[in-house]
Amino acid sequence: MGQTEGKIALMTPDEAGLVALCQRMIQLQSYTGAEADLAQELKKTMLGLGYDRAWIDDFGNVIGEIKGASAGPAILFDGHMDTVDVSDAEDWTVPPFEGIIKDGRIYGRGASDMKCALAAMICGVASLAACRDQLAGSVFVSGTVCEETFEGLGLSKVVTAIKPDFVVIGEASALNLKRGQRGRAEIVVTTSGKAAHSSNPAVGKNAVYMMLELVSAIRALPVLQEAFLGEGILELTDIVSAPYPGASVVPHKCRVTFDRRLLVGETEESVLAPLKQCVQELKRRDPQFEAEIEIAEASQVCHTGAVMAGKRFFPAWVLAESHPLVAGALVATRRAGLAPEVTKYSFCTNGSYSAGIAGIPTIGFGPGAEDGAHVVNESIEVNQVKQAALGYQAIAAQFLTK
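Read on for an overview of the structure.

Conventions and cut-offs
Residues numbered from 1 in each chain as written. Predicted model: local features only at pLDDT ≥ 70, side-chain atom pairs only at ≥ 80, totals over all residues. Heavy atoms only, no water. Core = buried A, V, L, I, M, F, W, Y, C linked by side-chain atoms within 4.5 Å. Buried < 20%, exposed > 50% of the residue type's maximum accessible area, 1.4 Å probe, protein only. Contact = heavy atoms within 4.5 Å. Helix = DSSP H or I, 4+ residues; strand = E, 2+ residues; numbered from the N terminus. Expected span 1.5 Å × (residues − 1). Phe/Tyr/Trp six-rings, centres within 6.5 Å; stacked < 30°, edge-to-face > 60°. Lys NZ or Arg CZ within 6 Å of the ring centre and 35° of its normal. Salt bridge = Lys/Arg side-chain N within 4 Å of Asp/Glu carboxyl O.

Some thoughts on the nonpolar core
The tendency in soluble globular proteins is for nonpolar side chains to be buried as a group. Counting 72 residues, the largest nonpolar core has Phe77, Val125 and Tyr392 as the members making the most contacts within it. The contact partners of Tyr392, leaving out residues within four places of it in the chain, are Phe77, Ala117, Ala120, Met121, Val125, Val168, Gly170, Phe365, Gly366 and Pro367. Counting residues in each nonpolar core, the second largest holds 23 residues, with Ala185, Cys254, Leu272 and Leu282 among its members.

Here it is as structure tokens:
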């Protein structure tokens with residue numbers, strides 16, 4: 001499972017077929033929970049490209065395998081199929097679901113995040129089907145569901161089924177290698193007061209005023225830092241009171257959601273402890289101060305009808321720069337003619353499960369700019385997609401060559 005001087009000659013993927021697949025994928029709208037048509041298309045495509053098998057699991061993930069002639073490691077290339085909604089179509093100057101190519105870029109929802117990367121994985125490693133006799137082990141590609149709402153939960157089903165030795169996440173990296181990321185937690189804070197008529201507020205207790213005090217105390221907390229990943233920032237993302245609308249009523253409930261970026265080793269308990277200490281401080285000053293702090297929980301119906309559910313706590317992870325996966329991928333991508341830097345993601349990915357929970361060596365490598373997701377006129381450079389396809393092939397060959 002270590003580095004090799006790849007014996008397999010790299011083959012340029014079918015560029016026309018790759019671009020056509022990118023366009024078909026963009027044309028198949030696949031909002032979170034509605035990836036069924038895309039999953040079927042990718043399964044058909046994998047089998048047509050010579051994969052040994054391709055299937056759709058209970059969650060609706062599509063998985064394909066190319067199996068070598070002898071035993072060896074399993075390497076998984078993962079990209080999610082779902083996209084965020086287009087809620088601002090009037091602001092787009094190109095149709096969001098046509099996959100138009102203009103000035104060397106493919107346009108459409110999911111072009112950067114991350115249908116074109118997934119297409120590059122599927123087409124890039126497909127070339128290895130022609131040289132199975134030189135492969136030891138298996139290369140898998142997964143198109144996972146519901147990443148936009150539950151980073152890693154869809155991938156967990158894939159990992160459990162195939163037990164990979166290595167994972168490559170295809171999120172946009174501008175063709176650089178990513179060896180880590182901050183995690184993410186959604187924290188829900190609720191204050192409980194006492195309702196009253198707003199003409200006589202003294203007989204009630206305004207939950208919003210209570211929340212303002214608590215938010216002020218929380219914002220004064222020190223921000224954790226780590227040399228490689230950066231700051232474990234905490235940012236308020238929404239606030240709502242009850243009743244709402246509150247005509248002439250002192251609100252008796254107020255709820256705030258915080259987005260907390262996680263550093264390696266942080267747990268639910270360690271993340272919540274400082275916030276709970278703020279509550280205790282306020283309670284010492286006011287025995288009637290009541291607040292609850294917890295990690296948000298949610299559920300998501302998959303396109304198969306299965307329900308995924310869990311806490312919104314997605315751990316951070318870092319892989320040592322000297323790890324064989326990082327070092328081997330660096331050798332492989334250079335062999336493919338690329339010149340990647342070894343850096344980190346600034347956002348959360350499915351790697352929160354593969355590396356952060358399952359402990360599987362994981363890296364990120366993909367085409368496109370990191371800030372190109374979820375934007376108006378989303379697009380990606382065609383040439384980067386082609387280079388990524390060759391890079392994926394090279395990484396697989398690096399670890400599966402006899």
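Some thoughts on helix H7 (residues 324-335)
Three- or four-residue spacings in an α-helix give side chains the same orientation, since the helix completes a turn every 3.6 residues. Between its first and last C-alpha atoms H7 spans 16 Å; for twelve residues at 1.5 Å apiece the expected length is 16 Å, and the two agree. Buried within H7 are the following residues: Leu325, Val326, Gly328, Ala329, Leu330, Ala332 and Thr333. Against the buried residues of H7 lie strand S7 (166-169), strand S8 (177-181), strand S21 (342-345), strand S22 (362-364) and helix H9 (382-400). Phi turns positive, to about 90 degrees, at Gly337, one or two residues after H7.

Topic: the packing of aromatic side chains
Taken as a whole, this structure holds five aromatic pairs when the rule is applied. Relative to Phe97, the ring of Tyr31 has its centre 6.1 Å away and its plane inclined at 65 degrees; by these criteria the two rings are edge-to-face. Of this pair, Tyr31 sits in the loop between helix H1 (15-27) and helix H2 (36-48) while Phe97 sits in the loop between strand S3 (70-80) and strand S4 (101-102), and the two are 66 residues apart along the sequence. Residue Phe97 is classed as partly exposed on the basis of its relative accessible area, which comes to 22%. Here the aromatic cluster, defined as three or more aromatic residues joined through ring pairs, consists of Phe77, Phe365 and Tyr392. Its end group placed over the ring of Phe228, Arg179 keeps NZ or CZ at 4.0 Å from the ring centre.

Overview of the pattern of salt bridges
In the structure shown here, the tally under the stated rule is 17 salt bridges. Ionic pairing is found between Arg132 and Asp52, a salt bridge with its closest N-O pair at 3.1 Å. Of this pair, Arg132 sits in the loop between helix H3 (111-126) and strand S6 (136-144) while Asp52 is found in the loop between H2 and strand S1 (53-56), placing the two residues 80 residues apart along the sequence. Residue Arg132 is classed as partly exposed on the basis of its relative accessible area, which comes to 24%. Several salt bridges share partner residues, and in doing so they unite Glu151, Arg184, Glu186, Asp259, Arg261 and Arg312 into one network.

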